[in-house]
Amino acid sequence: MPTKTLQIPTPDGRADAFAAFPDGGGQHPGVLLYADAFGLRPVLHDMARELAGHGYYVLVPNLYYRHGPAPAVELPDHIGDDIRSELFGRLMPLIQEHTAERVLRDADAYLDFLTAQPEVSAGPVGVTGYCMGAALAMRTATAHPDRVAALAGFHPGFLVTDAPDSPHRLVPQLTARVHIGLAENDLTPEALAELDQALESAGVPYSTETYPGAAHGFTMADTDAFDPDALQRHWDRLLPVLKSALTKG
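Keep in mind the model is a prediction, meaning the values are calculated, not measured.

## A closer look at the overall build of the protein chain
For the protein chain, the count of helices and strands is 6 helices and 8 strands. N-terminal to C-terminal, the α/β element order of the protein chain is β-β-β-α-β-α-α-β-α-β-β-α-β-α. By its C-alpha atoms, the protein chain is 45 × 45 × 35 Å across when sized along the principal axes. Here the protein chain, with 249 residues, has 54% of them falling under the buried criterion.

## Considerations on the pairing of strand E2 (residues 13-20)
The buried fraction of E2 is high, at 6 of 8 residues. In terms of strand pairing, strand E1 (residues 3-10) meets E2 through 8 bridges, oriented antiparallel. From the neighbouring strand, Gln7 faces E2, where its bridge partner is Asp16. Two strands pair when backbone bridges link them, and E2 and strand E4 (residues 57-61) are joined in this way by 4 bridges, in the antiparallel orientation. Across the sheet, the residue bridging to Ala19 is Leu59, located in E4.

## Topic: helix H6 (residues 228-246)
Between the first and last C-alpha of H6 there are 26 Å, a value that for 19 residues agrees with the 27 Å anticipated at 1.5 Å per step. Within the sequence span of H6, burial applies to Ala230, Leu231, His234, Trp235, Leu238, Leu239, Val241, Leu242 and Leu246. Lining the buried residues of H6 we find strand E3 (30-34), helix H1 (42-52), strand E5 (125-130), strand E6 (148-154) and strand E7 (177-182). Two or three places before Asp229, at the opening of H6, Asp227 has a side-chain oxygen 3.0 Å from that residue's backbone nitrogen.

## Considering the environment of Asp82
With respect to the helices and strands, Asp82 occurs in helix H2 (residues 81-97). Spatially, the C-alpha atom of Asp82 lies 34 Å from that of Val178, the residues being 96 residues apart in sequence.

## Some words on the side chain of Asp16
Inspection of the secondary structure puts Asp16 in strand E2. The side chain of Asp16 sits in the buried core without any salt bridge; Arg14 is the nearest counter-charge, 9.5 Å away. There is a polar contact of 3.0 Å between the side chain of Asp16 and the backbone nitrogen of Ala70. In this structure, Asp16 is in contact with Leu6, Gln7, Leu40, Pro61, Asn62, Tyr65, Gly68, Pro69 and Ala70, ignoring residues within four places of it in sequence.

Rules used in this analysis
Starting from 1, residues in each chain are numbered consecutively following that chain's sequence as written. Only residues with pLDDT of at least 70 are given local features in this predicted model, and only at 80 or more are side-chain atom pairs given and counted; all residues enter the totals for whole chains, interfaces and linings. Neither water nor hydrogens contribute to the side-chain values; these are computed over all heavy atoms in the structure. Here a strand is any run of E in DSSP of at least two residues, a helix any run of H or I of at least four, and the numbering for each starts at the N terminus. Exposure categories follow from relative accessible area, calculated using a 1.4 Å probe and restricted to protein chains: below 20% of the type maximum is buried, above 50% is exposed, and the middle band is partly exposed. Between any two strands, at least two bridges found by DSSP are needed for them to pair. Any helix carries an expected span of 1.5 Å times its number of residues minus one. It only takes one pair of heavy atoms within 4.5 Å for two residues to be counted as in contact. Two N or O atoms form a polar contact when they lie within 3.5 Å of each other; inside protein one atom must be a possible hydrogen donor and the other a possible acceptor, and for residues adjacent in sequence the pair counts only when both atoms belong to side chains. Two residue types count as positive, namely Lys and Arg, and two as negative, namely Asp and Glu; His and chain ends fall outside the count. Salt bridge, as used here, is a side-chain nitrogen of Lys or Arg placed within 4 Å of a carboxyl oxygen of Asp or Glu.

This is the structure we're talking about:
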């Protein structure tokens, strides 16, 4: 599986990034993958390779590039529940600095870079995200309805909030096919109903699903939250969304 370490030019500097794409040459649909709050690290490399094996060029940027190359904070090989809170405490200032304005500037740069790669075919792209990355994916898709045809988010964070610019309030701008896969405690029933209503009103093909027994972070194999059954369910939902929106035939 070919991979690259890249530098993405942005208005605020250069974002280091990881890319994976299929063997054999040719061009492939592009997918922008937003990491969870712990950021770009080996488990994200593995997920990008897995997705690339299904026929996609996958770009994973370092969300915290303004603070230096990934990882933004020193991470252990395995993120246990005993250190999760301490790591979040160190990351929270970086997360709070990642304002909606910065997210949108970065999204413009990431999409421009992704679609300019010689291995990426013409046409719309897909965007997927994990934890806080789900909210970034939603902001990217709603800001670029002409460029994003598939949107997925898993164990989302900050997707439905009270803020006037909460990502779910931007759903009327969507044109993409959508799947949101949730852990059992990611959203309250009221928040999930609000998200469903927004997606229904937007008139886009969508599904939201709570994965039984899954904890927040269930896709991440380097954490105690990892659930292999839920990870497989995530692939079983993500791949059809991408295929139906991005591939022909």
